[in-house]
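Residues per chain are reported as follows:
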Amino acid sequence: MLVMKDVCKNYRTETVETIALKNVNFNVDEGEFVSIVGPSGSGKSTFLLVAGLMESFDSGSYSLDGEDVAHLNDRARSRFRNQKIGFIFQNFNLIPDLDVADNIGVPLRYRGISRQERKTCITDALETVGLAGRRKHFPSQLSGGQQQRVAIARALAGKPKILLADEPTGNLDSQTAQGVLDLILELHHNGSTVIMVTHNPEIAQSAERQVRVQDGQFLNGSD
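Residues numbered from 1 in each chain as written. Predicted model: local features only at pLDDT ≥ 70, side-chain atom pairs only at ≥ 80, totals over all residues. Heavy atoms only, no water.

Peer 1: Is there a simple way to explain the packing of aromatic side chains in this structure?
Peer 2: Between two aromatic rings, the relevant description is the distance of the centres plus the angle of the planes. Here the structure, examined in full by the defined rule, presents five aromatic pairs. With a centroid separation of 5.1 Å and an interplanar angle of 65°, the aromatic rings of phenylalanine 26 and phenylalanine 218 are classed as edge-to-face. Of this pair, phenylalanine 26 sits in strand 2 (residues 17–28) while phenylalanine 218 sits in strand 10 (residues 217–218), and the two are 192 residues apart along the sequence. An identical accessibility class is assigned to phenylalanine 26 and phenylalanine 218; each is buried. An aromatic cluster of three or more residues is present, and its members are Phe26, Phe47 and Phe218. (Phe/Tyr/Trp six-rings, centres within 6.5 Å; stacked < 30°, edge-to-face > 60°. Helix = DSSP H or I, 4+ residues; strand = E, 2+ residues; numbered from the N terminus. Buried < 20%, exposed > 50% of the residue type's maximum accessible area, 1.4 Å probe, protein only.)

Peer 1: Explain the sheet that holds strand 2 to me, please; I cannot follow it from the model alone.
Peer 2: The strands making up a sheet associate through backbone hydrogen bonding, with each pair oriented either parallel or antiparallel. Read from one edge of the open sheet, four strands run 2-1-4-5, paired in antiparallel fashion. Where the open sheet ends on each side, the last strands, each with one partner, are strand 2 and strand 5 (67–68). Both strand 1 (residues 2–12) and strand 4 (residues 59–64) contribute to a ladder of five bridges, which runs antiparallel. Paired with valine 3 across the two strands is serine 63, which belongs to strand 4. Across the face of the sheet, helix 1 (residues 44–51) comes into contact with strand 1, strand 2 and strand 4 while running at roughly 120° to strand 1. (Pairing = 2+ DSSP bridges. Contact = heavy atoms within 4.5 Å. Axes fitted to C-alpha atoms, helices over the stretch in contact; angles between N-to-C directions.)

Peer 1: I would appreciate a short explanation of the pairing of strand 7 (residues 162–166) in the present structure.
Peer 2: It is a general feature of regular strands that their side chains alternate between the two faces of the sheet. In terms of residue burial, strand 7 counts as a mostly covered element, since four of its five residues are buried. Relative to strand 7, strand 6 (residues 85–88) is paired through four bridges, and the arrangement is parallel. In the sheet register, isoleucine 88 faces strand 7, and the bridge partner there is alanine 165. One ladder, built from five bridges, connects strand 7 with strand 8 (residues 193–198); its direction is parallel. Note on strand 8: the bridge partner recorded for leucine 163 is valine 194.

Shown next, in the form of structure tokens:
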């Protein structure tokens, strides 16, 4: 599903060059659940941005679902990202002026999916996360755990090939976090490929495989 070979990513200013990813070799099989764990500044978030085609990389190779993504232009990358990848963010990233259904439907509109098909996708996604009765609520009317479930529903609605979760429990209390983690595990058991970034070793242990990142390098479990 995902194959990185010798991927490097540096950030540069006029006076400083920072190595964010250093010779990353990393494979994820279809249907696998992998956690990426490490302290702040270790390269976890940069990895997720590169994996999610939000940022380019400087050297190496990266293929996702059999596609070499390095040669894609900005428009092709955006289209490929919208069709193949579902994102779950720590801060939910819901649009406050849109209700739950419209928040979930935004990525589907960019894909040109018809109104009726969008409605079906939204309904199915909300039923999956247990929020079928909240489709007309606005984010401010939901708890943090419910907002994260909406974010998961938005990621699922387009039936992505892979889910990328960035600290999905980071802004939640322990009980709510466990509920969100249980939902991610259920999605994985139903066949979803999941890569989850976390700084919490206990959360990381929920995955089938854990990879530790330090100073931009993957230290273990990358294959």
